[in-house]
Amino acid sequence: MRGLLLLLLLLTLPALAQAAPPAPPFENCEDAPYLAETPDGVVGGVNVEYDGSVAVFSDGACFASRGIQLWAREIRFDQTTGEVRLEAFTAQTRAYRFRARTGVVRERLFRARGIGLTTCKCGEDLRLVAEEAHFDTESGLLVLADSELAVYGLELAHFEQLRLPIDQPVTQAIPGLPSTGGTGSGGGTVLNVPLRFGYSFSEGLTLGFEDLPLPPRAGETASSTLTLLVSNLSNPETRTLTLGSSVTDARGSVRFRAVIRNGWFDLDARLESGPFFLTGDTNRDEAVTAGARYSLFELGWRDTFALEGARLSPFVRLAEEQTASDDDPQAHSPGDAYVGGLTVGAELRYPFELKEGPAALRLEPWALGAAYTHDSPYVAAGFRLEGGYSQDFSWRIAYEYSLQNRPSAYRYERREPTSRFAGELGYADLTAHASFDFLDRELGASLRYAPKLPDGVLTAEFRYRNDLDAPPGDAFAQQRELVVDFNPNPIACTFSFAAAPTLGFDFLRGGMSRAGLELRYADCCFVWKVGYQHVFLSQTGEAATGRFTFGLELR
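Within each chain, residue numbers correspond to sequence positions counted from 1 in written order. Where local features are concerned, this predicted model is filtered to residues with pLDDT of at least 70; where side-chain atom pairs are given and counted, the filter is 80 or more; whole-chain, interface and lining totals use all residues. For the side-chain quantities, the full set of heavy atoms in the structure was used; hydrogens and water were omitted.

J.: For this particular structure, what's the right way to read the environment of Arg514?
T.: Starting at the N terminus, helices and strands are each numbered in turn, a helix being any DSSP run of H or I of at least four residues and a strand any DSSP run of E of at least two. Note that Arg514 resides in strand 36 (residues 511-522). Under the relative-accessibility criterion, Arg514 is labelled buried at 5%. Sequence separation of Arg514 and Val535 is 21 residues, and the distance between their C-alpha atoms is 4.4 Å. Residue contacts are counted whenever heavy atoms from the two residues lie within 4.5 Å of one another. Leave out the neighbours within four places in its chain, and Arg514 touches Glu481, Val483, Thr502, Leu503, Gly504, Gln533, His534, Val535, Phe536, Gln539 and Glu542. Any pair of nitrogen or oxygen atoms within 3.5 Å is treated as a polar contact; in protein, a donor-acceptor pairing is required on top of that, and neighbouring residues in sequence qualify only through side-chain atoms on both sides. A polar contact of 2.7 Å, which involves the side chain of Arg514, links it to the side chain of Glu481. Partly exposed describes any residue whose relative accessible area lies between the buried limit of under 20% and the exposed limit of over 50%, with all areas from a 1.4 Å probe on protein chains only and scaled to the type maximum.

Right, dumping it as structure tokens:
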């Protein structure tokens, strides 16, 4: 019955507006003056009348099961058949609101008409409505008939039949709402907003949409996206137009992306169907950096099989790759290296795990081999060892090691030599992290203090990095930076604002390294975020410039 009522929390407001039932005079259904036990829960209300074997509850009529309850204008309980019928009922939890015109509960099966769900705290700017639905509490599968998704009154998609497992996150349960899969700084589910808007003082405006979900036609199960993006409009050398599209369903996917920049036309396309794949990638947009450009054509097959705890992944691949081997920045220059032919290989992984209370240990050795039609075989092997403990305090260590007999003929199967250690220790609000790359001889560390204040979390983090092989005095190979930021509590009130500032100081170069501010605004359904951050003293992988950011979360 728990699944039954989770259903009631996983739909949207109905398209047909209805007046909500009056507020009940009691908070819990079990406190109603009149109660009746049913095979699926408890029925109660202020008044009860009998129509033969049918008990009719009204004035605060409610239905409860395992701590979750519904409120209705009227509930009819047939004491002979055990069937419960509800009229104009609603349910609300911390995350969802549900409403339906009618509903029937009998023998662990729930059927409803005129139903819907919203995550909004008020109003119905985001809703998924369905004329009819049924839910099996044993399988956890909800089937909506003739449903539609609407945002701000605009219908984004229509479905003749929509099948949804109720344990999915809301952004997976409601089609058309792509998510990053995490919880945002505002406390809600982070949406992957396809709109791209940014401005850099050195490169100029970036505007467009990337991986915009397209509404499927009636009866279709495939999901499609579209990309149209212009960037770096103030710089003629890096001004770029990007066009792309993708289609994905249960059987496979196809995607392509074209980049046009200062005379270049670069194409990346990939087709996947089960274990088979086909790829074409010119990758000329990286040709301005000698040694970085790389083009590819491949046709292949790869699958994974479970063997007594091990995972075996054989593959067959016919490919041609081009890599830069000279200092000429032009693509396809005479000095470039081409390699092509057939590869047959396999990768074997055998993970071991041991858990004892709060302690855990995991070891995953692996080996890979590949044979070529034009070159000697390639072999690589390695392992990853992880250990951890989490109770009053926590610690985690990891060591990764790999080697190869020589560089592989192709990048696909290449496993670069690795010897890297990382460790982390946490207690209360304090976290320390350290890492060392034995091959690159780079040491990294950080110390993070993040106390919970009444209005949010204040974080101070000192970041240290040292490349031991870098020339003395090379500030870009080292880092001594303190970053302080404040993340306010999730916005509880509708139509309210919050601010999240960030400041950084570089002790090595003696100056402000970064400064930024993010403003958040909560309406009934969403938390809108807009921010600006300027990097004054760049660290590794950063550019000393300013940029605007935009984000969106479900409340």
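J.: In this structure, what is going on with the state of the cysteines? I would like to understand it.
T.: Here a disulfide denotes a covalent bond joining the sulfur atom of one cysteine to the sulfur atom of another. Only a pair of cysteine sulfur atoms within 2.5 Å qualifies as a disulfide here. Applying the stated criterion to the full structure yields three disulfides. The side chain of Cys29 participates in a disulfide bridge whose partner is Cys62; the two sulfur atoms lie 2.0 Å from each other. Disulfide Cys29 to Cys62: torsion about the S-S bond roughly 85°, handedness right-handed. With a gap of 33 residues between them, Cys29 in the loop between helix 1 (2-8) and strand 1 (34-38) and Cys62 in strand 4 (residues 54-65) connect regions that are remote in the sequence. In this pair, the class of Cys29 matches that of Cys62, namely buried. Note on cysteine connectivity: Cys120 is disulfide-linked to Cys525, with sulfurs 1.7 Å apart. Between Cys120 and Cys525 the sulfur-sulfur dihedral comes to about 105°; the bridge is accordingly right-handed. With Cys120 in the loop between strand 8 (109-118) and strand 9 (126-136) and Cys525 in the loop between strand 36 and strand 37 (526-535), this pair connects stretches of sequence that are 405 residues apart. Summarising the burial analysis for this pair, Cys120 and Cys525 share the class buried.

J.: Help me out: how do you make sense of the pattern of salt bridges in this one?
T.: Every case where a carboxyl oxygen of Asp or Glu lies within 4 Å of a side-chain nitrogen of Lys or Arg is listed as a salt bridge. Taken as a whole and assessed by the stated rule, the structure comprises 34 salt bridges. A salt bridge links Glu272 to Arg270, with the nearest nitrogen and oxygen atoms 2.7 Å apart. With a closest N to O distance of 3.0 Å, Lys529 and Glu553 form a salt bridge. Residue Lys529 is found in strand 37, and its partner Glu553 is found in strand 38 (residues 546-554); the two are separated by 24 residues along the sequence. What makes Lys529 buried here is its relative accessible area of 12%. Connected through salt bridges with shared partners, the residues Arg302, Arg311, Glu347, Arg349, Glu353, Arg362, Glu364 and Arg415 form a single ionic network.

J.: What is the right way to read the confidence of the model for the chain from this model?
T.: Predicted coordinates in regions of low pLDDT should not be interpreted in detail. Residue-level confidence of the predictor, termed pLDDT, takes values from 0 up to 100. Averaged over every residue, the pLDDT of the chain is 82; the share at 70 or more is 81%. Taken together, the stretch residues 1-21 has pLDDT below 50 and engages in 90 contacts with residues farther than four places along the chain or on a different chain. With pLDDT under 50 throughout, residues 285-292 is counted as low confidence; its partners more than four residues away or in other chains account for 17 contacts.

J.: Help me understand the packing of aromatic side chains, please; the structure alone is not making it clear to me.
T.: Two aromatic rings, taken as a pair, are described by how far apart their centres are and by the angle between their planes. For Phe, Tyr and Trp, where Trp contributes only its six-membered ring, two rings pair if their centres lie within 6.5 Å, and the inter-plane angle classes them as stacked under 30 degrees, edge-to-face over 60, or tilted in between. Applying the stated criterion across every chain, the model contains 17 aromatic pairs. Between Phe89 and Phe110, the aromatic rings sit 6.2 Å apart at their centres with planes inclined by 80°, giving edge-to-face as the arrangement. Taken together, the residues span a long stretch of sequence, with Phe89 in strand 6 (residues 84-92) and Phe110 in strand 8 at a distance of 21 residues. The pair Phe89 / Phe110 is uniform in exposure class, with both members buried. With 4.8 Å between their ring centres and 50° between their planes, Tyr532 and Phe548 make a pair best called tilted. Here Tyr532, found in strand 37, pairs with Phe548, found in strand 38; they are 16 residues apart in sequence, far enough to count as distant. With relative accessibility at 24%, the residue Tyr532 sits in the partly exposed group. Aromatic ring contacts, followed pair by pair, group Phe383, Tyr399, Tyr401, Phe436 and Phe438 into a single cluster. One Lys or Arg, Arg317, reaches over the ring of Tyr410 and ends 5.3 Å from the middle of that ring. The criterion is that NZ of a Lys, or CZ of an Arg, lies within 6 Å of the ring centre and within 35 degrees of the ring normal, and then a charge sits over that ring.

J.: Just checking my understanding: could you explain the pairing of strand 35 (residues 496-506) for this structure?
T.: Successive side chains on a regular strand alternate, one facing one side of the sheet and the next facing the other. Across five bridges, the pairing between strand 34 (residues 478-488) and strand 35 is antiparallel. Looking at the pairing, Val484 lines up with Leu503 of strand 35. Any two strands with at least two DSSP bridges between them are considered paired. Strand direction decides the pairing type here: strand 35 and strand 36, joined by eleven bridges, are antiparallel. When the sheet's bridge partners are listed, Gly504 is paired in strand 36 with Arg514. Two successive antiparallel strands, strand 35 and strand 36, enclose a turn made up of four residues, where Gly510 displays a positive phi of approximately 65°.

J.: Teacher, can you tell me more about unusual backbone geometry here?
T.: Where the residue is not glycine, phi is negative for most of them; where a peptide bond is considered, it is trans in most cases. Despite not being glycine, Glu308 shows a phi value in the positive range, around 50°. Along the chain, the position of Glu308 falls in the loop between strand 22 (305-307) and strand 23 (310-323). With a phi angle near 60°, Phe495 is a residue other than glycine that sits in the positive phi range. Positionally, Phe495 belongs in the loop between strand 34 and strand 35.

J.: Quick question: what am I supposed to make of the nonpolar core here?
T.: Among soluble globular proteins, nonpolar side chains are generally buried collectively. Grouped together as the largest cluster of nonpolar side chains are 39 residues, with contacts concentrated most on Ile75, Val84, Leu86, Phe89, Ile115 and Leu144. Excluding residues within four positions of it along the chain, Ile75 makes contact with Val43, Ala55, Val56, Phe57, Ala61, Cys62, Phe63, Val84, Arg85 and Leu86. What makes a nonpolar core is a set of buried Ala, Val, Leu, Ile, Met, Phe, Trp, Tyr and Cys residues whose side-chain atoms join them at distances within 4.5 Å.

J.: Got a minute to help me understand a negative patch on the surface in this structure?
T.: On the surface, Glu27, Glu30, Asp31 and Glu37 cluster together into a patch of negative charge. Its location among the elements puts Glu37 in strand 1. Under the relative-accessibility criterion, Glu37 is labelled exposed at 64%. Exposure above 30% relative accessible area and the lack of any salt bridge qualify a residue for a patch; like charges then connect within 9 Å, and the nonpolar side chains Val, Leu, Ile, Met, Phe, Trp and Tyr within 5 Å. All accessible-area figures derive from a Shrake-Rupley calculation using a 1.4 Å probe, and residue coverage is judged against the displayed protein chains alone. For the purpose of charge, His is not counted, nor are the chain termini; Lys and Arg are scored as positive and Asp and Glu as negative. By convention, charge coordinates are those of NZ in Lys, CZ in Arg, CG in Asp, or CD in Glu.

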